[in-house]
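Examination of the molecular architecture
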Amino acid sequence: MGSPLRTFLRAAVVAVVVGVPCLTTQAPLSAQASNPPNWNALESETLRHFQALLRFDTSNPPGNEYLVTDYLKAALEKEGIAVQIVASDPKRPNLIARLKGSGRKPPLLYMGHSDVVTVDPKKWTFPPFSATRDGGYIYGRGSLDDKPHVVAGLMTLLTLKRLNVALDRDVIFLVEAGEEGSSGVGIGYIVQEHYPLIDAEYCFAEGGNVTRVASQVKFAAIQAQEKVSRGMELVATGPSGHGSAPLAGMAIVELSKAIAALSAWRQPFLFNTTSREFFRLMATVSSPDDALRYRAVLGADPAARAAAHDSFQKSEPRYASMLHTSISPTIVNGGYRSNVIPSEAKATLDVRMVPEEDPAAFLDEVLKVINNPAITVRYTSNTARPIPAPAKLDSEAFKVVQSAVARNYDSVAIPMMGTGATDMAQVRTKGQQCFGIGPAADLEDAAKGFAAHSDQERILEAEIYRFVRFSYEIVFDLARGN
Ligand SMILES: [Zn+2]
């Protein structure tokens, strides 16, 4: 995923306080089924599949995701589950498996991506595709991002099928290629060419996580919406001349002023249901100091709001980014010779828009902030494309997630808005309600260099089993027949 589990060390969280809604002690629906899975017996099988998946080198580039889809196809078909393979590149296929339901409800989609980011093997204690078990961990590229979802989807389908669970909706399992920067062979291709195969009411994918501090679960972040990426370009024009004699209005100087003005711009906060609920609930699982900041951003005191924003920017920049559309200058171009004053300079801005933002109005605001006729501003990406639909927090699906979090993690589900883009974006634009979920990891582990996209990657073995069960229970509770 684009934004790995980041440290929440500033959010040194305390025990869940009283009054947090939705914690439930009622018996799991799945335990009420006549024939519940034997989770202990499924652990060795889960481990075998998980290690097999980790041992396929699906580094992207080049991907070679066929290694994973060939394996899964065999495992699913052996037990009578129908599989379709769709591919724009034969070495980079996508797998779609479906368990049929009665059709009383629309389908449910569970997604995991088969590719992983590249590795520098020298930085690994254990070889990155060895799936070594050591000290309670399983090591390997993809052990967090995103082979847990792949194995959880596999075990969920196999278990539903073996127990012959009657379903009210089809359960679709999608394993997509190319999530790490080449979604044209993966979700982009599927949505464009084969969307009916994955059309569903709800989808579940990576993008969430469960945070543990000192081995205790603190909260489960459930990604219910994500920001929208919009490229923007600033072009400054000015006089050219000899570098020995500086001129008024030099393009590079004007461009620098414009970037500085945007960086200093205090944008008004733009909340949506997801982000408002995120800050409200984070206050309930945080230390008193941190809780004050979470409450301040939702409060009416402008100075406290600004101070909380600035504090997040230093300690937890994703939280600051959740408060408004964000602008990061990422590329600057200008000049070609040390003694020539260039007549043009350009900056590329990575703009991550709150979905509710109006792109045209935002552009007008940017122009006002820059307030300089020497600068032109334009979007480099298509602003007319559909925006992702949020997952509803009063939906049956979110209630099921909340109770699965309470049961499996004895904790609270906190909806959040992703600041980076995931494969769910393309599915959300089709109207599916998508929830990003993920396994538990120790907050301290990221700082030690073990996280998605980090030098090394590992997962607590017990947490892979817990995540499989959590995933199964969500799918079961939403899809089982009455
Ligand atoms: Zn990922």
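Side chains of nonpolar character tend, in soluble globular proteins, to be buried together. Residues Leu72, Leu76, Leu160, Phe173, Phe204, Ile222 and Ile474 are the most contacted members of the largest nonpolar core, which totals 66 residues. Broken down by element, this core gets its largest block of residues, 11 residues, from helix α15 (residues 461–479). Core analysis: the second largest hydrophobic core is formed by 25 residues, Phe279, Leu281, Tyr294 and Leu323 among them.

Here the focus is the domain arrangement of the protein chain. When the parts of a complex come together, some accessible area is lost, and that lost area is often used as the size of the interface. The domain boundaries assigned to the protein chain delineate domain 1 (23–226 + 390–479) and domain 2 (228–267 + 325–353 + 356–389). Computed from C-alpha atoms alone, the centre-to-centre distance between domain 1 and domain 2 is 39 Å. With 12 residues of domain 1 at the contact, the number on the domain 2 side is six residues. A buried area of about 650 Å², summed over both sides, lies between domain 1 and domain 2, and 52% of it is on carbon and sulfur atoms. Taken as a group, Glu226, Pro390 and Thr429 account for 49% of the area that domain 1 buries against domain 2, more than any other trio of residues on that side. Between domain 1 and domain 2 we count zero salt bridges in total. There are two residue pairs in polar contact (both at pLDDT 80 or more) connecting domain 1 and domain 2. When contributions to the side of domain 1 that touches domain 2 are tallied by element, the ones reaching two or more residues are β9 (216–226) and α13 (424–428). Taken together, the residues of the side of domain 1 that touches domain 2 sort by class into four nonpolar, six polar and two charged.

A word on the sheet that holds strand β14 (residues 344–353). Taking strand neighbours across the sheet as the criterion, the four strands line up as β12-β14-β10-β15 in an open arrangement whose pairing is antiparallel. If you trace the sheet from one side to the other, it starts and ends with β12 (326–334) and β15 (375–379), each paired once. Sheet twist, expressed as the mean angle between neighbouring strand axes with direction ignored, is 20°. Where strand β10 (residues 228–237) and β15 come together, five bridges link them in antiparallel fashion. Its bridge partner being in β15, methionine 232 is matched across the sheet by tyrosine 379. In the packing of helix α11 (residues 359–370) onto the sheet, contacts are made with β10, β12, β14 and β15, and the angle to β15 comes to roughly 160°.

On inspection of all chains with the given rule, the structure shows 20 aromatic pairs. For the ring pair phenylalanine 278 and tyrosine 319, a centre distance of 5.1 Å and an interplane angle of 70° mean the geometry is edge-to-face. Here phenylalanine 278 is found in helix α7 (residues 273–282), whereas its partner tyrosine 319 is found in helix α10 (residues 317–322), with 41 residues between them in sequence. Given the relative accessible area of 2%, phenylalanine 278 is considered buried.

A few words on helix α12 (residues 396–409). Over its 14 residues, α12 runs 20 Å from end to end, which matches the ideal 20 Å to within 8%, given 1.5 Å per residue. Most of α12 sits inside the fold, with 11 of its 14 residues counted as buried. Of the positions making up α12, those classed as buried are Ala397, Phe398, Val400, Val401, Gln402, Ser403, Ala404, Val405, Ala406, Asn408 and Tyr409. Note on α12: the residue one or two positions beyond its end, aspartate 410, has a positive phi of about 50°.

In strand β17 (residues 433–436), alternate side chains face the same way, and those of Gln433 and Phe435 on one face and Cys434 and Gly436 on the other are all buried. Across four bridges, the pairing between strand β7 (residues 202–205) and β17 is parallel. The residue bridging tyrosine 202 from the neighbouring strand is glutamine 433, located in β17.

A separate point is the pairing of β9. Burial analysis of β9 places 10 of its 11 residues in the buried class, which makes it a mostly covered element. Bridge count between strand β8 (residues 209–213) and β9: five bridges; the pairing is antiparallel. Looking at the pairing, threonine 211 lines up with phenylalanine 219 of β9. If you look at the hairpin formed by β8 and β9, you'll find two residues sitting between the two strands, and alanine 214 has a positive phi there, around 50°. Bridge count between β9 and strand β16 (residues 413–418): six bridges; the pairing is parallel. For alanine 221, the partnering residue across the bridge sits in β16 and is isoleucine 414.

Between helix α8 (residues 288–298) and helix α9 (residues 302–315), whose axes approach to 8 Å, the crossing angle comes to 125°. Between α8 and α9, the angle is such that the two are oblique. As α8 packs across α9, the resulting crossing turns out to be left-handed. Packed against α8, whose contacting residues are Arg293, Tyr294, Ala296, Val297 and Leu298, the element α9 presents Ala304, Arg305, Ala308, Ser311 and Phe312 at the interface. Looking at the contact of α8 with α9 residue by residue, the classes come out as seven nonpolar, one polar and two charged.

Quick notes on the rules
Residues numbered from 1 in each chain as written. Predicted model: local features only at pLDDT ≥ 70, side-chain atom pairs only at ≥ 80, totals over all residues. Heavy atoms only, no water. Core = buried A, V, L, I, M, F, W, Y, C linked by side-chain atoms within 4.5 Å. Buried < 20%, exposed > 50% of the residue type's maximum accessible area, 1.4 Å probe, protein only. Helix = DSSP H or I, 4+ residues; strand = E, 2+ residues; numbered from the N terminus. Domains from an automatic or database assignment. Contact = heavy atoms within 4.5 Å. Buried area = accessible area lost by both parts, 1.4 Å probe. Salt bridge = Lys/Arg side-chain N within 4 Å of Asp/Glu carboxyl O. Polar contact = N/O pair within 3.5 Å; in protein donor to acceptor, adjacent residues only side chain to side chain. Nonpolar A, V, L, I, M, F, W, Y, C, P; charged D, E, K, R; others polar. Pairing = 2+ DSSP bridges. Axes fitted to C-alpha atoms, helices over the stretch in contact; angles between N-to-C directions. Phe/Tyr/Trp six-rings, centres within 6.5 Å; stacked < 30°, edge-to-face > 60°. Expected span 1.5 Å × (residues − 1). Parallel < 35°, antiparallel > 145°, perpendicular 65-115°, else oblique. Left-handed = near helix turned anticlockwise from the far one by under 90°.

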